[in-house]
Amino acid sequence: MNQDELKAAVADAAIKEIEPWLEKDTVLGIGTGSTANLFIDRLGKFAGRFKGAVASSDASTKRLKGLGIDVLELNSSGTLPFYIDGADEVNAHLQMIKGGGAALTREKIVAACAERFICIADDSKYVAQLGHFPLPIEVIPMARSYVARELVKLGAEPVYREGVVTDNGNQIIDCYDVMIDDPKAMEATLNGIVGVVTNGLFAARGADVLLLGKEDGVERTALR
């Protein structure tokens, strides 16, 4: 199977994972990106069977609404039973790097409100150590240069993602050449830099279930 077929396979597997819980009061958390889009497309046939979804980006909001799925505000939705999203990298502890699509802050917020985080990814995203993929940092625009200098002190090579404005009106710095030995500690350190909104390490709140698309099928790993 090619990468697109692997992504489609994990999207199908995620539907099977959550289908028994799709009831009239169910509100799902939905992520952002190419794999999440395939999941959204499959979720469309269940529109009307469940209450709706909280989306982690404007792009996902538009896609959900286009399929007849109600998009709700997180503030009025409370705890969500599931959050379904992809990853740019994921390790054996189901810690991730996310944010290639610049939606990391809202993704982190929705994930924090979910009882179970289901990560859907193809096996090219599975790594022994996080850091091959550039780590995104969302920053307040006026703090971008200061944050970049602080990142250099940590051994990173920060690169401003020009022309990108997040849904929150902020900017993105991508950190290259940082292999991450302790994702939880690094996540906390980066979030402690003044001007950082959040970073793309999902370690303090990692995934609960990983559905990994492989040549011989979808491998399911559950930590909790």
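What you see is a predicted model, and the numbers here were worked out from it, not measured in a lab.

1. Here we look at the overall build of the protein
And step 1. Of regular secondary structure, the protein possesses six helices and 13 strands.
And step 2. For the protein, whose C-alpha radius of gyration is 17 Å, the value lies close to the compact-globule estimate of 17 Å for 224 residues.
And step 3. With the principal axes as the frame, the protein shows a C-alpha extent of 50 × 40 × 30 Å.
And step 4. Residues classed as buried in the protein amount to 53% of the 224 residues present.
And step 5. Of the contacts made within the protein by residues no fewer than 6 positions apart, 73% connect residues no fewer than 24 positions apart.

2. Regarding the pattern of salt bridges
And step 1. Considering all chains together, one arrives at 13 salt bridges under this definition.
And step 2. Ionic pairing is found between lysine 108 and glutamate 187, a salt bridge with its closest N-O pair at 2.9 Å. Placement of the pair is lysine 108 in helix 4 (residues 104–112) and glutamate 187 in helix 6 (residues 183–191), with a sequence separation of 79 residues.
And step 3. The partner of aspartate 122 in a salt bridge is lysine 125, and the shortest N-O contact between them spans 3.9 Å.

3. Overview of the pairing of strand 2 (residues 52–55)
And step 1. Every second residue of strand 2 is oriented toward a common face, with Gly52 and Val54 on one face and Ala53 and Ala55 on the other, all of them buried.
And step 2. Relative to strand 2, strand 1 (residues 27–30) runs parallel, the two being bridged by four bridges. Following the sheet pairing, isoleucine 30 is matched in strand 2 by alanine 55.

4. Details of the packing of aromatic side chains
And step 1. Going through the model one piece at a time under the given rule, you end up with two aromatic pairs.
And step 2. For the pair tryptophan 21 and phenylalanine 82, a centre-to-centre distance of 5.7 Å together with 70° between the ring planes defines the contact as edge-to-face. Residue tryptophan 21 is located in the loop between helix 1 (3–18) and strand 1, and its partner phenylalanine 82 is located in strand 3 (residues 80–85); the two are separated by 61 residues in the primary sequence.
And step 3. On the basis of relative accessible area, tryptophan 21 is assigned to the partly exposed category, the value being 49%.
And step 4. Over the ring of phenylalanine 202 we find lysine 98, and its NZ or CZ is 5.5 Å from the ring centre.
And step 5. The cationic tip of arginine 144 hangs over the ring face of tyrosine 160; the distance from NZ or CZ to the ring centre is 4.0 Å.

5. Observations concerning the side chain of asparagine 199
And step 1. Looking at where asparagine 199 falls in the secondary structure, it is placed in strand 10 (residues 196–199).
And step 2. Among the polar contacts made by the side chain of asparagine 199, one reaches the main-chain carbonyl oxygen of glutamate 187 at a distance of 3.1 Å.
And step 3. A polar contact of 2.9 Å, which involves the side chain of asparagine 199, links it to the backbone nitrogen of leucine 201.
And step 4. Discounting chain neighbours no more than four positions away, the residues touching asparagine 199 are Leu104, Lys108, Pro136, Ile137, Glu187, Leu190 and Asn191.

6. Section: the environment of lysine 16
And step 1. Mapped onto the elements, lysine 16 comes out in helix 1.
And step 2. Under the relative-accessibility criterion, lysine 16 is labelled exposed at 65%.
And step 3. In this structure the C-alpha to C-alpha distance between lysine 16 and asparagine 199, which are 183 residues apart in sequence, comes to 31 Å.

7. Focus: the UniProt feature "active site" (unreviewed entry) in the protein
And step 1. The feature "active site" (unreviewed entry), as given by UniProt, occupies Glu107 in the numbering adopted here.
And step 2. Setting aside residues no more than four positions away along its own chain, glutamate 107 makes contact with Thr32, Ser56, Tyr83, Asp85, Lys98, Gly99 and Phe202.

How each quantity is defined
- Chains are numbered independently. Their residues run from 1 in the order of the written sequence.
- pLDDT decides what is reported in this predicted model: residues at 70 or higher carry local features, side-chain atom pairs at 80 or more are listed and counted, and totals for whole chains, interfaces and linings draw on all residues regardless.
- Note: side-chain values were computed over all heavy atoms of the structure, leaving out hydrogens and water.
- By the criteria applied, helices consist of DSSP H or I runs no shorter than four residues and strands consist of E runs no shorter than two, each listed in order from the N terminus.
- C-alpha atoms define the radius of gyration in this analysis, and the globule rule sets the expected value at 2.2 Å times the number of residues to the power 0.38.
- The buried label applies to any residue whose accessible area, calculated with a 1.4 Å probe on protein chains only, is under 20% of its type's maximum; exposed applies above 50%, and partly exposed to all values in between.
- In what follows, residue pairs with any heavy atoms lying within 4.5 Å of each other are defined as contacts.
- Salt bridges are defined as contacts in which a side-chain nitrogen from Lys or Arg sits within 4 Å of a carboxyl oxygen from Asp or Glu.
- For two strands to pair, DSSP has to find at least two bridges joining them.
- Side-chain rings of Phe, Tyr and Trp, where Trp is taken by its six-membered ring, are said to pair if the distance between their centres is within 6.5 Å; with planes under 30 degrees apart they count as stacked, over 60 as edge-to-face, and otherwise as tilted.
- A ring has a charge above it when a Lys NZ or an Arg CZ is no more than 6 Å from the ring centre and no more than 35 degrees off the ring normal.
- Each polar contact in these results corresponds to two N or O atoms within 3.5 Å; when the atoms are within protein, one needs to be able to donate a hydrogen and the other to accept it, and residues that are neighboring in sequence are counted only if both atoms are side-chain atoms.
- UniProt positions are given in the numbering used here, feature names are shortened, and annotations may be inferred rather than shown by experiment.

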